[in-house]
Amino acid sequence: MRSKFDSPIVLLGSRLLAPYIMLFGWYVIIHGHYSPGGGFQGGALLAASVLLIRISGGRVISRLQIQEFATTPLAIVGVVLYFGTGLVAMIMGGNFLDYAYLPIPGMEADWLRYTGMLIIEVGIGLAVMAILIMIYDNMVKGEDHA
Amino acid sequence: MKALKISILVLFAAVLIYASADLPMRGDPDNLMHAEESITGTTVKGSYFIQNAYRDARTPNMVTVVLGDYRSIDTFGEQVVIYTAGLITLLVLRVTRNRRNDEE
């Protein structure tokens, strides 16, 4: 439903900006081993790129991107990715979240820790993105022009 | 009243500035938090992290190693806190909306 607040210029600008913000968010998450950044900051950037479309486009257009019912499972996937990494390491004989025991063949302990940190950063990023989108969706629910 | 507020602020700023004169210099290697051993005789964990972060995890960013490896259970707690905040938003706002619909 198009309301009188819709502006094609704002929507076009948001459509131009949002993919680059999302790409930069993934860059901040994945490049967090070498530069400032990490899961929380990258997740906030990913959420910013999704919320930009939600604010400027309205409910119908934002339904094409990430639907409202998909945010809660996405957050659960993020938390379970983190917890599962620690649990697998514990099952394989180490302590909880001791990445050196992850069952990835052909890697030394230090590179296993590197990979484990990358996995948990992606988990944090997914959870933070989904939670921020979820908070926005719940706050504007019931208002048609939002 | 406004003069009282301003004077309280100025007084507080003076206390803070006076206290900051006792802080150790930034980057001084002789500081207590950079020492190998604290004044009570126990080893300082921070010096271990600084010396062994790259050897343990092959990651140049020391902050990521501390956040993701040495202190990963703390980070897991942070993630659970964010998750709980999102779920509570879901619960609180959804209940309010249903009640409003019932009254109508």
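Residues numbered from 1 in each chain as written. Chains lettered and ligands numbered in written order. Predicted model: local features only at pLDDT ≥ 70, side-chain atom pairs only at ≥ 80, totals over all residues.

(A) Focus on the overall build of chain A. Check the secondary structure of chain A and you find 5 helices and 0 strands. Going from the N terminus to the C terminus, chain A shows its helices and strands as α-α-α-α-α. For chain A, whose C-alpha radius of gyration is 18 Å, the value lies well above the compact-globule estimate of 15 Å for 146 residues. If one aligns the C-alpha atoms of chain A with their principal axes, the spans along those axes are about 60 × 30 × 20 Å. For chain A, restricting intrachain contacts to residue pairs at least 6 apart in sequence, the fraction spanning at least 24 positions comes to 63%. (Helix = DSSP H or I, 4+ residues; strand = E, 2+ residues; numbered from the N terminus. Rg over C-alpha atoms; globule rule 2.2 N^0.38 Å. Contact = placed C-beta atoms within 7 Å.)

(B) Just the interface of chain A and chain B, in detail. If you look at the interface, chain A gives 27 residues, while chain B gives 25 residues. Looking at the side of chain A that touches chain B, the elements with two or more residues in it are helix 4 (71-91) and helix 5 (109-140) of chain A. Of the residues forming the side of chain A that touches chain B, the biggest block, 15 residues, is contributed by helix 5 of chain A. In the side of chain A that touches chain B, the residues fall into 17 nonpolar, 6 polar and 4 charged. (Nonpolar A, V, L, I, M, F, W, Y, C, P; charged D, E, K, R; others polar.)

(C) Spotlight on the nonpolar core. In terms of nonpolar packing, the biggest core is built from 38 residues, with Ala127, Val128, Ile131 and Ile133 of chain A touching the most fellow members. Of all the secondary-structure elements, those providing two or more residues to this core are helix 1 (8-30), helix 2 (39-57), helix 4 and helix 5 of chain A together with helix 2 (45-57) and helix 4 (72-103) of chain B. The dominant element in this core, judged by the number of residues it contributes, is helix 5 of chain A, at 16 residues. Each of two domains, domain 1 (1-70) and domain 2 (71-104) of chain B, supplies a minimum of three residues to this core. Contact partners of Ala127 of chain A, with chain neighbours within four places excluded, come to Gly43, Ala75, Gly78 and Val79 of chain A together with Gln79, Ile82 and Tyr83 of chain B. (Core = buried A, V, L, I, M, F, W, Y, C linked by C-beta atoms within 7 Å. Buried ≥ 20, exposed ≤ 12 C-beta atoms within 10 Å, placed from the backbone. Domains from an automatic or database assignment.)

(D) Examining the domain arrangement of chain B more closely. Domain assignment breaks chain B into domain 1 (1-70) and domain 2 (71-104). Inter-centroid distance (C-alpha atoms) of domain 1 of chain B to domain 2 of chain B is 34 Å.

(E) Structural view of helix 4 of chain A. Residues and elements named next belong to chain A. Given a rise of 1.5 Å per residue, 21 residues ought to cover 30 Å, and the 29 Å separating the end C-alpha atoms of helix 4 matches this to within 8%. Regarding helix 4, the residues found buried are Thr71, Ala75, Gly78, Val79, Tyr82, Thr85, Gly86 and Ala89. In the segment just after helix 4, Gly93 is the residue with positive phi, at about 115°. (Expected span 1.5 Å × (residues − 1).)

(F) Region of the structure containing the confidence of the model for chain B. For chain B, per-residue confidence averages 86 on the pLDDT scale, and residues scoring 70 or more make up 90% of the total. For this predicted complex, the interface confidence score (ipTM) comes to 0.86, while the overall pTM stands at 0.82. (pLDDT = per-residue confidence, 0-100.)

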